[in-house]
Number of protein chains: 4
Amino acid sequence: MEELLEQLLEDCRPYTQQGKVATYIPELAKGDANDLGIYVLRSDGRHYQAGDYKKRFTIQSVVKPILLLLALMDNGEEYVRSRVGVEATGKPFDAINVTDQTLFSDHLNPMVNMGAIAMCTLIKGKDYEERFRRLLDLTRQLAGDQEIDLDQQVYLSEKRTGNKNRALAFLLKTYGMIEDDVEQVLDCYFKACSISVNSKDLAHIGFVLANRGKLPQTEERIFPSRYATYVNAILMTCGMYDGSGDFAVNVGVPAKSGVGGGIMAVVPTRMGIGIFSPGLDGKGNSLAGIKVLEELSKRMYLSIF
Amino acid sequence: MEELLEQLLEDCRPYTQQGKVATYIPELAKGDANDLGIYVLRSDGRHYQAGDYKKRFTIQSVVKPILLLLALMDNGEEYVRSRVGVEATGKPFDAINVTDQTLFSDHLNPMVNMGAIAMCTLIKGKDYEERFRRLLDLTRQLAGDQEIDLDQQVYLSEKRTGNKNRALAFLLKTYGMIEDDVEQVLDCYFKACSISVNSKDLAHIGFVLANRGKLPQTEERIFPSRYATYVNAILMTCGMYDGSGDFAVNVGVPAKSGVGGGIMAVVPTRMGIGIFSPGLDGKGNSLAGIKVLEELSKRMYLSIF
Amino acid sequence: MEELLEQLLEDCRPYTQQGKVATYIPELAKGDANDLGIYVLRSDGRHYQAGDYKKRFTIQSVVKPILLLLALMDNGEEYVRSRVGVEATGKPFDAINVTDQTLFSDHLNPMVNMGAIAMCTLIKGKDYEERFRRLLDLTRQLAGDQEIDLDQQVYLSEKRTGNKNRALAFLLKTYGMIEDDVEQVLDCYFKACSISVNSKDLAHIGFVLANRGKLPQTEERIFPSRYATYVNAILMTCGMYDGSGDFAVNVGVPAKSGVGGGIMAVVPTRMGIGIFSPGLDGKGNSLAGIKVLEELSKRMYLSIF
Amino acid sequence: MEELLEQLLEDCRPYTQQGKVATYIPELAKGDANDLGIYVLRSDGRHYQAGDYKKRFTIQSVVKPILLLLALMDNGEEYVRSRVGVEATGKPFDAINVTDQTLFSDHLNPMVNMGAIAMCTLIKGKDYEERFRRLLDLTRQLAGDQEIDLDQQVYLSEKRTGNKNRALAFLLKTYGMIEDDVEQVLDCYFKACSISVNSKDLAHIGFVLANRGKLPQTEERIFPSRYATYVNAILMTCGMYDGSGDFAVNVGVPAKSGVGGGIMAVVPTRMGIGIFSPGLDGKGNSLAGIKVLEELSKRMYLSIF
């Protein structure tokens, strides 16, 4: 299997040159387009890795399923569903999903920015510092990596330049979708996106979702099985932005990408996969990362369809 | 299991009163809101049924995955994908998916009307009569039911009143998405929607998709496994219109609904399910039908997530 | 004044090369981009002309104010206003003005295609042949030119290729905005657009609107003063498609353009102007024609603001 | 004439009960729906008034033409036009005019919020305090009323609750339409909307626009004639939000309304009119105010068409 991974990276390496490193915040533009890494954790306890799997990058949108999980753990399914919808928007990740001067919770989706910002307000905590701390703790626990931390440079860069997210947050405020102070909510969201992880971390987090709430090895249950189903279903329909349809057809497993270049894939009951390659396609997904997953899915029959 | 189905129908029968029978074409309005039936065909060859499972209704949008299958069988995956996209539109089934005066194949989706009309032009045949005949033949073969036929009344009613579909077809023509005569293409589409089936038929068709291309019992292969994956993935992300997200979360299997009241569900490797209940929710899906599937999914752990 | 016109054409002739002759119907593509003509009819009875003012071209959208006039004359203001709105759409001339699955009369505007198609159904006549005949008669009367007639080639070309207009008409039908047979309504609309006129005709028609319903010389009243106000106001806000704002600022008089290259301008109480130059700008307006009007407005203080 | 005005107010007073006082900011909700006042200043120097013409209210969107004037005076027409477009948007006043992830200056209009916010950045001044001071000075000069000042209560209320405007401003920032600090720009905009005026003030300001840049009596020129034409043309096409089409047809003069209940109307070369009645119609225009203007236009032949 290790050989297979090495072979896949070899085959897909040319695609790293076709993607474009994200530049919408200055700090991200420093990513190295040549990076390509993969880590696979299987339900039999074995793990396999290749390439730049130790390299750290910011989690970006891959934090969205973790935000959703924590919101579910803190509030239960019914309340979370009443505040943030689950339908695909048919639009890019930072789209303004406002039609005809109205905005309802059903217009939101936890996997696009507006919905993710709204979810920050569902995490419990006495202030937004504590909320973020709890999110970071959950991330460390899921990844089994206590060294996961905030990338200060990226966080400050996001905070300084995140005007589109500010616009989205003020729209949420306008239509009563969030009640707290907009800048505090955004601060939590910018921090969440700036958590620094590696491919191994993403594979571990994906594994817990594949394993329906239980950690690897110890099989300790972190959250109810139902929440894994809830999150995985949304990853399937909306996890890869407006490229989710092609991903479902060509890879066929729940997954989430981030503009930092990471992809976390969930193969229910079988494995968690973490991928890193910062060159993005036109929809904001890791271009070479998707190619690797397409090949891996074909070779190992990963598709759940 | 038969008892379980009887119990489920009993429990969900009150919901039949909350849905509304489709009225957008006069003939459909004659449906009986009290009808509720289910048929389950399992991979071990057993089948279970309850309620009005023998009752016939028009297939409507449940024909879309069959249209897609035939288009794939006639043209291969690459060509079909180049003509009709696979992303969720985030809009109702008969939406005008035209932005800023342009229309691309990637704006289309085989599970909404525009995409389905475009797919009619991909079926091979010397004329549109032959194309429809081949679609009907495939439907009969998949359902294992040679008595499946056109409902003339509904077909004529659709043809007479289907002006929204005419508008959509002329837009496709305007932007070069279809080349043939619009009225001929529409005639084929209206006929396709007017095929008369019952719950058992839908369960059989769903089974072949769950069984990745092979008929029940004989295990005769009708189409390549890859096409089942292709179709099932799209059913997952877009099969229940703009209710696909909630369906993925709450039921968790590929499925397709039609405004005639039918739902075909595909439980990969395990079973095909056909449901019938003509009372629809606000998104055009069988209201009681979804309730039955939600319960069945919980009791039998059907979710693939 | 004749000299002024000659001078203006001289100055603006280079702009004829910047526009593009309409190609959306094959017959229009035959227009000669070098053509440039102007005709001015003043309230003191004098007229001035220069360039290709005798050259014939199809009236296209300049027929819209005449359609509106006839609808007003046949039905009165209140009824017409109840069927077709008067607000600018903020969109191109053939836009699909459908929001969220609904279409109201207030979404229509008589100066864009959807509204103009709807107006065809408001003209009185025992059949659509008679309706068109009455429109042609009014056009001849307003222009004082009995030789105005249909351009058969353009009409047949429009009819054969007018699929976008077919789509718009079927949408109108879907939402109950028109009741008659779509193809008959469209036939009338295609004929209306294919009336062959010259700059002198447009100047005469514009003059009657400027003169609030009375013909030149005889001062015979053709329609009530109120209808001129109604039409002129709409020409001001929407007559130049989504270039109406710039035209109001830079020329400042009610006007209507057509993709055949014609512009009819109305200088209330003072003059009617007809212009012809088939090279269009990106919004479908005669590019050199607008330049001529901008200059003329500056030199003769035509702006009503 | 005074009698005519008294009569008109009498006739239109019932309409004050049909409108609804704006409540989108708490302070505005305190307006008295019974108020109705009018002030007319004619080019012969005479003025006529009736009803609550002395009552003060906040200028709200009626400040937009003054903002535009000052932007023109500070930068010239060409630069202002390059930064803020002039086309009707076809949407409500606070609409998000963003299509497909892009925003161009041509999408903006000086008479809707986004465009007006952008214009604040075009006013010259060493800081935003000085910019606002200059706007206030121009307003006083145009109105011939040195006592015009900021309504602190409304200003603070706007600033506290103006989240939709914050969202619009951050979108402008995102797409490079404004460069300055968003909160400072907004502070200037909120202050501009909160200038306290009466019907007489609006009549005076409207008069200067009607008089193409010269003050009443002294005939002192404040701005070039061309800027009056520019502003009046935009008032005609977009001054009454998405009710501008009906207003052009039924009243026929450039005008601007504000949610404070004011309307400023410009009858070129003839008069300036100020109206006040805080009950608004569904589009945010003074309901009784429009009725008064419709009647006045009919009786005095004000329409410029």
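The structure displayed is predicted, hence computed values, not measured ones.

Scoring rules and cut-offs
- Residues numbered from 1 in each chain as written.
- Chains lettered and ligands numbered in written order.
- Predicted model: local features only at pLDDT ≥ 70, side-chain atom pairs only at ≥ 80, totals over all residues.
- Heavy atoms only, no water.
- Pairing = 2+ DSSP bridges.
- Helix = DSSP H or I, 4+ residues; strand = E, 2+ residues; numbered from the N terminus.
- Axes fitted to C-alpha atoms, helices over the stretch in contact; angles between N-to-C directions.
- Contact = heavy atoms within 4.5 Å.
- Buried area = accessible area lost by both parts, 1.4 Å probe.
- Salt bridge = Lys/Arg side-chain N within 4 Å of Asp/Glu carboxyl O.
- Polar contact = N/O pair within 3.5 Å; in protein donor to acceptor, adjacent residues only side chain to side chain.
- Nonpolar A, V, L, I, M, F, W, Y, C, P; charged D, E, K, R; others polar.
- Least-squares fit on C-alpha atoms with pLDDT ≥ 70 in both.

(A) Geometry of the sheet that holds strand S7 (residues 255–257) of chain D. Residue and element names in this part refer to chain D. One open sheet accounts for five strands, arranged S3-S2-S9-S8-S7; its pairing is antiparallel. Either end of the sheet is taken by a strand with one partner, and the two such strands are strand S3 (47–51) and S7. Averaged over all neighbouring strand pairs, the angle between strand axes comes to 5 degrees, with direction disregarded. The pairing of strand S2 (residues 37–42) with strand S9 (residues 271–276) spans six bridges and is antiparallel. Looking across to S9, one finds that Ile38 is bridged to Ile275. Contacts from helix H1 (residues 2–16) reach S2 and S3, with the element oriented near 30 degrees to S3. Taken strand by strand, helix H12 (residues 287–300) contacts S2, strand S8 (262–267) and S9, and its axis lies near 150 degrees from that of S9.

(B) Structural view of the interface of chain D and chain C. The partner chain C presents 31 residues to the 31 residues of chain D that form the contact. Of the roughly 2300 Å² buried between chain D and chain C on both sides combined, carbon and sulfur atoms contribute 57%. Contact with chain C buries area across many residues of chain D, yet Glu87(D), Val249(D) and Phe305(D) alone supply 32% of it, more than any other trio. For the pair chain D and chain C, the interface holds two salt bridges. Across the salt bridge formed by Arg81(C) and Asp246(D), the nearest N and O atoms sit 2.9 Å from each other. Linking chain D with chain C are 16 residue pairs in polar contact (both at pLDDT 80 or more). Looking at the side of chain D that touches chain C, the elements with two or more residues in it are helix H3 (77–83), helix H10 (225–238) and helix H11 (244–250) of chain D. Looking at which element gives the most residues to the side of chain D that touches chain C, the answer is H10(D), with nine residues. Split into classes, the residues belonging to the side of chain D that touches chain C amount to 13 nonpolar, 10 polar and eight charged.

(C) Main features of the sheet that holds strand S5 (residues 149–150) of chain B. All names here are of chain B. The sheet built from three strands is open, its strands ordered S4-S6-S5 with antiparallel pairing. With one partner strand each, in any of the chains shown, strand S4 (57–58) and S5 form the two edges of the open sheet. Bridge count for S5 against strand S6 (residues 195–197) is two bridges, and the pairing is antiparallel. In the sheet register, Leu150 faces S6, and the bridge partner there is Ile195.

(D) View of the relation of the copies chain D and chain C. Between the two copies, chain D and chain C, the superposition gives an RMSD of 0.0 Å; the rotation angle is 180 degrees and the shift along the axis is 0.0 Å. A rotation of that kind, with that shift, is consistent with a two-fold axis. Comparing interface residues between copies, 100% of those in chain D also sit at the interface in chain C, which points to an isologous, same-surface contact.

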